[in-house]
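Observations on chain architecture
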Amino acid sequence: MIKALLLIFDPTATWEGIFRARRTVTSVLLIYLFPMLLLVAVVEGYGLVHWGKWQVETWQGEVGRLKKFPVREAVIIETAQFLLSVLVVFLGTKMIKSIGETFHGRHTYTQAFTAVVYGLSPFFLLRLLDAFSWSSGSLAPWVPWFIGISLSISVLYHGVPRMMEPDPPNAFGLFFMSALLLALVTGLVRFVTAAYLMGKFPEVQVIISNLAARLPF
């Protein structure tokens, strides 16, 4: 979390330190990404249980209600979000590495992975705001996403050229395409998760409720 804040307020020096550390994929995953996502999941799960989310019951004529989730359901939801976040990182890494190759760059998987993980850390950090119950407005869930991805794009502006080391003429193009693709992927995930929490997928809610009932706690 501290590193995410440093990337927001002092990106140049922080990226330089990350570059010189030259951590492996495993160390970045286990030492940085997993602990941060676990913290976010715990805080979000607490919010689901204690503050809930506004849902719209369309079968009752768009009637809004505040639903507080049982602990078991919150565990399943946050586990799914944890896995989706990891999938976003690996998918983003694959895409950015592929984009770099179109610019005739010789980027390693570790370089792309490190750029994505640390670049998206402000986005993951802003998900802490999701712990609070949203208003009944459909745009409310997008506020943390918009702030978070905007900060991540700002961080990636400094990070992609430093970590990927493209040729100077290709640096902005690589940054722009990387930022665009990460915004699209994270936006798609936000659309699905927000729609579920707003009660748009009642069939899926039934499945998760049934799975939650089988949990041994």
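What comes next concerns the included structure. (Residues numbered from 1 in each chain as written. Predicted model: local features only at pLDDT ≥ 70, side-chain atom pairs only at ≥ 80, totals over all residues. Heavy atoms only, no water.)

**Remarks on the packing of aromatic side chains**
Counted only if it meets this: Stacked, tilted and edge-to-face pairs are distinguished by plane angle, under 30 degrees for stacked and over 60 for edge-to-face with tilted covering the rest, among Phe, Tyr and Trp rings (Trp via its six-membered ring) whose centres lie within 6.5 Å. Runs of E in the DSSP output that reach at least two residues are strands. Runs of H or I that reach at least four are helices, and both are numbered from the N terminus. Burial here depends on accessible area, computed with a 1.4 Å probe over protein chains only, as a share of the maximum for the residue type. Under 20% is buried, over 50% is exposed, and the range in between is partly exposed. Each ring is checked for a lysine NZ or an arginine CZ that lies within 6 Å of its centre and within 35 degrees of its normal; such an atom marks a charge sitting over the ring.
One pass over the full model with this rule turns up 12 aromatic pairs. Note on Phe90 and Phe113: the rings are 5.4 Å apart at their centroids and 45° apart in plane angle, and the pair reads as tilted. In this pair, Phe90 sits in helix H4 (residues 71-102) while Phe113 sits in helix H5 (residues 109-119), placing the two residues 23 residues apart along the sequence. Residue classification places Phe90 among the partly exposed residues on the basis of a relative accessible area of 30%. A relative accessible area of 0% means that Phe113 is categorised as buried. The ring of Phe19 carries the charged tip of Arg22 above its face, separated from the ring centre by 4.4 Å.

**A look at the nonpolar core**
Side chains that are nonpolar tend, in soluble globular proteins, to be buried together. Inclusion rule: Nonpolar cores were defined as sets of buried Ala, Val, Leu, Ile, Met, Phe, Trp, Tyr and Cys residues, with membership established by side-chain atoms within 4.5 Å. Residues are treated as being in contact if the distance between any of their heavy atoms lies within 4.5 Å.
Grouped together as the largest cluster of nonpolar side chains are 42 residues, with contacts concentrated most on Leu33, Leu120 and Phe124. The residues contacting Leu120, other than those within four sequence positions of it, are Val88, Ile149, Ser152, Leu182 and Thr186.

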